Amino acid sequence: MTEDRVAALEVKQRTFKAYKGVTDVLVDHFGGLKVVDTISTADFEALRKRIAETMGPVSIGNFTEITRVIFNYAYENELIDRPMRFGKTFRRP
């Protein structure tokens, strides 16, 4: 999702901000230089625990769903070579 799509009114500003917020947390948690292929289900479990410290059930659900969408987008657009494995704990409450 790009700011161009927001400007073209294809995506609402609120949606863009939500996705940007999730990507900021992902980069902060995993590090900006981590290779995506090295992210494990244990990493997603640790991320889930981290966000649960500051988010309620609805926000956790939204966060996990947006994260899955981001990685699915990357796979479908050939930005990563394989779909991500999130594990059983990285899901909506």
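The rules we used
- Residues numbered from 1 in each chain as written.
- Predicted model: local features only at pLDDT ≥ 70, side-chain atom pairs only at ≥ 80, totals over all residues.
- Heavy atoms only, no water.
- Helix = DSSP H or I, 4+ residues; strand = E, 2+ residues; numbered from the N terminus.
- Rg over C-alpha atoms; globule rule 2.2 N^0.38 Å.
- Contact = heavy atoms within 4.5 Å.
- Areas by Shrake-Rupley, 256 points an atom, 1.4 Å probe, with all protein chains shown as cover.
- Core = buried A, V, L, I, M, F, W, Y, C linked by side-chain atoms within 4.5 Å.
- Buried < 20%, exposed > 50% of the residue type's maximum accessible area, 1.4 Å probe, protein only.
- Axes fitted to C-alpha atoms, helices over the stretch in contact; angles between N-to-C directions.
- Left-handed = near helix turned anticlockwise from the far one by under 90°.
- Nonpolar A, V, L, I, M, F, W, Y, C, P; charged D, E, K, R; others polar.
- Polar contact = N/O pair within 3.5 Å; in protein donor to acceptor, adjacent residues only side chain to side chain.
- Parallel < 35°, antiparallel > 145°, perpendicular 65-115°, else oblique.

Participant: Which parts of the structure should I look at to understand the overall build of the chain?
Facilitator: The helix and strand inventory of the chain stands at 4 helices and 0 strands. Each helix and strand of the chain, placed in order from N terminus to C terminus, yields the pattern α-α-α-α. Scaling as 2.2 N^0.38, a compact globule of 93 residues should have a C-alpha radius of gyration of about 12 Å, and the chain matches this with 13 Å. Seen along its three principal axes, the alpha-carbon backbone of the chain occupies a region of about 40 × 35 × 20 Å. Of all intrachain contacts in the chain linking residues separated by at least 6 positions in sequence, the fraction that spans at least 24 positions is 53%. Split by element, the accessible area of the chain, about 6600 Å² in all, is 52% carbon and sulfur.

Participant: I would appreciate a short explanation of the nonpolar core in the present structure.
Facilitator: In a soluble, globular protein the nonpolar side chains are often hidden away together inside. Core analysis: the biggest nonpolar cluster contains 17 residues, and L26, F44, L47, F63, F71 and M84 have the highest contact counts within it. Contributing elements (two or more residues each) for this core: α2 (13-30), α3 (41-52) and α4 (57-76). If one sorts the elements of this core by residue count, α4 sits on top with 6 residues. If near-sequence neighbours (up to four positions away) are discounted, F71 is found in contact with L26, V36, I39, F44, I80, M84 and F86.

Participant: What am I meant to see in the packing of α3 against α4 here?
Facilitator: The description of two helices packed together rests on the angle between their axes and the distance between the axes. Running from N to C, α3 and α4 cross one another at 145°; their axes reach a closest spacing of 10 Å. In the packing of α3 onto α4, the handedness of the crossing is right-handed. Mapping the contact onto sequence places F44, L47, R48, I51 and A52 in α3 and I60, F63, T64, T67 and F71 in α4. Per-class residue counts for the contact of α3 with α4 are 7 nonpolar, 2 polar and 1 charged.

Participant: Even after reading the chapter, I still don't get the side chain of T64, so can you show me in this structure?
Facilitator: Residue position: T64 is located in helix α4. A distance of 3.0 Å separates a polar atom in the side chain of T64 from the backbone oxygen of G61. When near neighbours in sequence (up to four residues on either side) are disregarded, T64 contacts R48, I51, F90, R91 and R92.

Participant: Please clarify how the packing of α2 against α3 should be interpreted in this entry.
Facilitator: In contact at an axis separation of 11 Å, α2 and α3 are set at 120° when each is read in the N-to-C sense. Put simply, α2 runs oblique to α3. You can see that α2 and α3 cross each other, and the crossing is right-handed. Facing V25, L26, D28, H29 and F30 of α2, the residues of α3 in contact are D43, F44, A46, L47, R50 and I51. Of the residues that constitute the contact of α2 with α3, the class distribution is 7 nonpolar, 1 polar and 3 charged.

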